[in-house]
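Geometric and topological summary
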Amino acid sequence: MMANHLKHHLKKEDWSIVIIDEREEHHYQPGYLFLPFDMYTPDDIIKPIKEFIPKGVELITAKIDRIAPDENLVNMADGTTISYDILIIATGAKIAPEEVEGMKGAEWQKSVFDFYTFEGALALRNKLRDWEGGKLLVHITEMPIKCPVAPLEFTFLADSFFRHKEMRDKVEITFVTPLSGAFTKPKATETLEHLLVDKNIKIESDFAIEHVDNENKTIVDYGGRVLPFDLLVTVPTNKGDAIMERSGFGDDLNYVPTDKATLQSKVKPNIFVIGDASNIPASKAGSVAHFEAEILTTNILHFINGEPLNETFDGHANCFIETGNGKALLIDFNYTHEPVEGTFPFPGVGPLRLLKESRMNHMGKLAFRWVYWNMLLKGTHIPFVSAEMKEAGKQYE
Ligand SMILES: Cc1cc2nc3c(=O)[nH]c(=O)nc-3n(C[C@H](O)[C@H](O)[C@H](O)COP(=O)(O)OP(=O)(O)OC[C@H]3O[C@@H](n4cnc5c(N)ncnc54)[C@H](O)[C@@H]3O)c2cc1C
């Protein structure tokens, strides 16, 4: 996204743009949600990175070991170095199941699964194809996580998956969260908890996991609460890349300290951050990275020209929430405004309804894959959806 934006503004005689990524393939991570239920295939989710690199931009496929901010250098794992004038960190977030005792134990990918990695989602798909039922726990270890609604979406899709297989009566589904409710924002929590109750899904809140007992197939929290499972689908702790720890500037979870309004890092003025790698209090979502890209492009140009940066990033997030049975909700919010009911993108007209289940929202969620590959990655502006959140059309009290 950033290369696509910046190449239109930077003269090629003055600037070279280099992307470094250790992978050769890019994954559409929102698709990991659908893979376990056989709704998407691996081909829907994975494409070669080089297909998305704009002309004139260099792609280096190699692992970064650390960043040396004082020398303006990136040290590669193979011992070479690459110098920069401006660095944009976009290394994302990864799961760290090793943070919880026993999580990656004997039952890992036997009865304990994640769906936040391609390998995890695929192994879970194979398990669900012939699982005969029992106690299913869908569990969040700790916040923040990427796409904080994804575990709820997984829960709703599981309900609908087992209903279609005519085995819902054989599965007891419990949503287990460290939060005191289903979600981080009050109004959305109310709506989502209603849906859980309607679908006969139990909720165990305030569950701060201490360990996974592989022998007895239970999870145990710090207060001694014990929950048995036949199948545990967990979202492990999410962390930024270990580069940050090795470079000496990550926070406790390896996220990069970043100004939440300008997206400039607090490490050094010529280092900026986009996407899940930062510690800003916005959702870790592709839509957020898309809105950030527009503002970050302007700020990088200001930085080059020695001008003050715009403090305009408002934490805007826009997410479809699959609720099963071909329906979904849509939420649109920012740092200061929680998700509420209303219409989107046109006030009073819609056609999408906020915080209400509809088939149109489900179509929007499915269309998001096309939008991601064809517009988001290419840095194309999505018509009628601005980087800064609009209050019009939303029912704030
Ligand atoms: C199950 C699931 C469902 C989701 N659903 C949604 C959704 O519905 N809507 C939405 O908007 N978002 C959703 N997301 C979140 C979205 O996928 C992420 O927020 C988005 O991909 C973040 O982009 P990023 O560029 O910050 O990081 P990433 O896309 O993770 O990219 C990071 C890149 O950095 C590279 N890298 C990392 N470390 C190194 C290193 N040491 N050396 C070299 N390269 C390195 C990686 O190879 C990778 O290519 C979902 C995520 C998950 C897991």
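Notes on the structure follow. None of the values given here were measured: they were computed from a predicted structure. (Residues numbered from 1 in each chain as written. Predicted model: local features only at pLDDT ≥ 70, side-chain atom pairs only at ≥ 80, totals over all residues. Heavy atoms only, no water.)

1. Overview of the site of the ligand
How we decide: Residue proximity to a molecule or strand is established when one non-hydrogen atom of the residue lies within 4 Å of it. In the analysis that follows, any N or O atom pair within 3.5 Å is treated as a polar contact, provided that within protein one partner can donate a hydrogen and the other can accept it, and provided that, for residues neighboring in sequence, both atoms belong to side chains. The secondary structure listing takes helices from DSSP runs of H or I that are at least 4 residues long and strands from runs of E that are at least 2 residues long, numbered from the N terminus. Each residue gets one label: Ala, Val, Leu, Ile, Met, Phe, Trp, Tyr, Cys and Pro are nonpolar, Asp, Glu, Lys and Arg are charged, and the others, such as Gly, are polar. Reported domain spans reflect what an automatic or database domain assignment gives.
Not every one of the 26 residues close to the ligand is listed here, only the nearest: D21, Q29, I64, D276 and G286. Contact between the ligand and K284: an oxygen atom at 3.4 Å from a main-chain N or O atom of the residue. Side-chain polar atom of K365 to an oxygen atom of the ligand: 3.0 Å apart, as the coordinates give it. Of all elements in the fold, only α7 (286-304) and α8 (359-376) reach the threshold of two or more residues within the shell around the ligand. Among the residues making up the shell around the ligand, the classes are represented as 11 nonpolar, six polar and nine charged. Counting residues domain by domain, the shell around the ligand receives three or more from each of domain 1 (2-22 + 62-92 + 241-304) and domain 2 (97-237).

2. Regarding the state of the cysteines
Quick note on the threshold: Whenever a pair of cysteine sulfur atoms sits within 2.5 Å, that pair is classed as a disulfide. With a 1.4 Å probe rolled over the protein chains alone, any residue whose accessible area is under 20% of its type maximum counts as buried; one over 50% counts as exposed, and the rest are partly exposed.
Across all of its chains, the model carries zero disulfides by this definition. Note on C147: no disulfide assigned, nearest cysteine sulfur contributed by C319 at a separation of 5.3 Å. Accessibility expressed as a relative area gives 11% for C319, which makes it buried.

3. Brief notes about the sheet that holds strand β14 (residues 209-213)
Stated precisely, the cut-off is as follows: Two strands pair under a simple rule: DSSP has to find at least two bridges between them. In this analysis, axes come from line fits to C-alpha atoms, helices being fitted only over the stretch in contact, and the angle between any two N-to-C directions falls in the range 0 to 180 degrees.
Strand order in the open sheet formed by three strands is β14-β15-β16, and the pairing between neighbours is antiparallel. Each edge of the sheet is formed by a strand with only one pairing partner; in this case those strands are β14 and β16 (226-228). Each strand axis lies, on average, 20° off the axis of its neighbour in the sheet, ignoring direction. Summarising the sheet, β14 and strand β15 (residues 218-221) pair through four bridges and their orientation is antiparallel. Following the sheet pairing, D213 is matched in β15 by T218.

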